[in-house]
Amino acid sequence: MPTWIQAGLWGLFSGSALILGSIIGYFFNLKQKTIAIVMAFGAGVLISALSLELMDEAYNQSGLLPSSIGFIGGALIYYFANSVLEKSGAKHRKRSQSQQSSEEEKEGSGVAIALGALLDGIPESIAIGISILEGGAVSIATVIAIFISNLPEGLSSSSGMKKAGRSKVFIFGIWIGIAILSSIASILGYSLFSEFPPAVNGATLAIAAGAILNMISTTMIPEAFQKAHGMIGLITVLGFLCSFLLSHAI
């Protein structure tokens, strides 16, 4: 099987967790504390992956200065893009309660939420594609970490969308679309960056890591803390440890 197809399938696999999470969030009335705990665990897993996999690889390929600049750059890119989307109605897109805006309350918020979901997921998928360039095989630990973290994202956000009056077609259409675009982003991450030197690929991994960490701090941890408070630190640590053990076992 061509490597670019493998990249697409791994991206689709990680993105499919959003669909699975959305099904759980829409059809099962989970307690808010349960959603918060799952969200915190996913945040810990993703923090571990970006620390031990993405940033470590970024440093190995591009060095300290480019990876540092890329990391900060990724955080800034996410910050400015997210700020625009928040003003358009996507501020609470990962919230599971009634914080999300309905279309009646904020016209155009549906499009903003969809773009916000895309903004949250694409850096991860690009990173999957680039990771295949080093050694010719995907980082299984990174893919599994992204899959685990995507599950609570889809779960919490879909629960909130339902409470905001969004239709099934809208909710599941977003996550199916993001899963497909995740596959495409992984293919592009592999295909486009295969033409660039390792230093550029490393800096790009750092950009993705910075964007992901900003996303975790802005959307996942606030949602988790709101309902579980002091437990969140412990659950996040457990998520980090599980990803750490997985990375070293694989």
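Residues numbered from 1 in each chain as written. Predicted model: local features only at pLDDT ≥ 70, side-chain atom pairs only at ≥ 80, totals over all residues. Heavy atoms only, no water.

Selection rule: UniProt positions are given in the numbering used here, feature names are shortened, and annotations may be inferred rather than shown by experiment.
An unreviewed UniProt entry lists the chain under the name ZIP family metal transporter, with Zunongwangia endophytica as the source organism. What UniProt states about the chain under its Subcellular location (unreviewed entry) heading is, verbatim, "Cell membrane". On record in UniProt, under Sequence similarities (unreviewed entry), the comment for the chain is "Belongs to the ZIP transporter (TC 2.A.5) family."

1. Thoughts on the overall build of the chain
Test applied: We count a stretch as a helix when DSSP gives it H or I for four or more residues in a row; a strand needs E for two or more, and each element gets its number in order from the N terminus. Relative accessibility thresholds used throughout: buried, under 20% of the residue-type maximum; exposed, over 50%; partly exposed, between the two (1.4 Å probe, protein chains only). Here, residues are in contact when the closest pair of their heavy atoms is within 4.5 Å.
Scanning the chain for helices and strands turns up eight helices and zero strands. A total of 250 residues make up the chain; the buried ones form 49% of that total. Pairs at least 24 residues apart make up 85% of the contacts formed inside the chain by residues separated by at least 6 positions.

2. Section: the side chain of T142
Looking at the secondary structure, you find T142 in helix 5 (residues 140-163). Discounting chain neighbours no more than four positions away, the residues touching T142 are E53 and L54.

3. Topic: the packing of aromatic side chains
Our working rule: Two rings from Phe, Tyr or Trp (for Trp, the six-membered ring) form a pair when their centres are within 6.5 Å of each other. A pair whose planes differ by under 30 degrees is stacked, one over 60 is edge-to-face, and the rest are tilted. The rule is short: NZ of Lys or CZ of Arg within 6 Å of the ring centre and within 35 degrees of the ring normal puts a charge over the ring.
Per the stated rule, a full pass over the model turns up seven aromatic pairs. With a centroid separation of 5.0 Å and 70° between ring planes, the pair formed by Y26 and F27 is classed as edge-to-face. Here Y26 falls in the buried class, since its relative accessible area comes to 11%. Among the residues examined, F27 registers a relative accessible area of 47% and is labelled partly exposed. Judged by centre distance (5.9 Å) and plane angle (15°), the ring pair of F27 and F172 falls under stacked. Note that F27 is positioned in helix 1 (residues 3-27) and F172 in helix 6 (residues 168-193), a separation of 145 residues in sequence. Between the NZ or CZ atom of K162 and the centre of the ring of Y26, over which it lies, the distance is 4.6 Å.

4. Here's the deal with the packing of helix 2 (residues 32-62) against helix 8 (residues 231-249)
Rule in force here: Axis definition: a line fit to C-alpha positions, over the contact stretch in the case of helices; interaxial angles, taken between N-to-C directions, run 0 to 180 degrees. Working rule for angles: under 35 degrees goes down as roughly parallel, over 145 as roughly antiparallel, 65 to 115 as roughly perpendicular, anything else as oblique. Note: crossing handedness is left-handed where the near helix turns anticlockwise from the far helix by less than a right angle, and right-handed where it turns clockwise.
Between helix 2 and helix 8, the least distance of the axes is 7 Å, while the angle of their chain directions is 45°. By the angle class used here, helix 2 and helix 8 are oblique. The way helix 2 lies across helix 8 gives a crossing that is right-handed.

5. With respect to the packing of helix 1 against helix 6
Counted only if it meets this: When residues are sorted by character, Ala, Val, Leu, Ile, Met, Phe, Trp, Tyr, Cys and Pro go into the nonpolar class, Asp, Glu, Lys and Arg into the charged class, and all the rest, Gly among them, into the polar class.
At a minimum axis distance of 7 Å, the contact between helix 1 and helix 6 shows a crossing angle of 160°. Accordingly, the angle class assigned to the pair helix 1 and helix 6 is roughly antiparallel. Our pair here, helix 1 against helix 6, has a crossing hand that is right-handed. For the contact of helix 1 with helix 6, the class distribution of residues is 18 nonpolar, ten polar and one charged.

6. Notes on the UniProt feature "transmembrane region" (unreviewed entry) in the chain
Residues annotated in UniProt with the feature "transmembrane region" (unreviewed entry) correspond here to residues 7-28, 34-52, 64-81, 126-148, 169-193, 199-216 and 228-246. Each end of residues 34-52 is marked by a C-alpha atom, and these two atoms are 27 Å apart; helix forms 100% of the span and strand 0%. As a span, residues 199-216 carries 100% helix and 0% strand, and end to end its C-alpha atoms are 26 Å apart.

7. What to know about the environment of F147
When you line up the elements, F147 lands in helix 5. A relative accessible area of 21% places F147 in the partly exposed class. C-alpha of F147 to C-alpha of A17: the two residues are 130 residues apart in sequence and 5.5 Å apart in space. For F147, the contacting residues outside a window of four places in its chain are F13, S14, S16 and A17.

8. Here we look at a positive patch on the surface
For clarity, the cut-off: Each patch is built from residues lacking any salt bridge and having more than 30% relative accessible area; the joining distance is 9 Å for like charges and 5 Å for nonpolar side chains (Val, Leu, Ile, Met, Phe, Trp, Tyr). Calculation of accessible area relied on Shrake-Rupley with a 1.4 Å probe; when residues are assessed, cover is drawn exclusively from the protein chains displayed. The working definition used for a salt bridge is a side-chain nitrogen of Lys or Arg within 4 Å of a carboxyl oxygen of Asp or Glu. Here Asp and Glu are counted as negative and Lys and Arg as positive; His is not counted, and neither are the chain ends. Note on charges: their place is set at NZ of Lys, CZ of Arg, CG of Asp or CD of Glu.
Side chains of K162, K163, K168 and K227 sit close together on the surface and give a patch of like positive charge. If you trace the backbone, K168 turns up in helix 6.

9. Notes on the nonpolar core
Cut-off, in case you're wondering: Side-chain atoms within 4.5 Å link the members of a nonpolar core, which is a set of buried Ala, Val, Leu, Ile, Met, Phe, Trp, Tyr and Cys residues.
Counting 32 residues, the largest nonpolar core has L46, L54, I212, M215, I216 and M220 as its most contacted members. For this core, the secondary-structure elements that each account for two or more residues are helix 2, helix 3 (64-90), helix 4 (109-133), helix 5, helix 7 (198-228) and helix 8. With eleven residues, helix 7 is the single largest residue contributor to this core.

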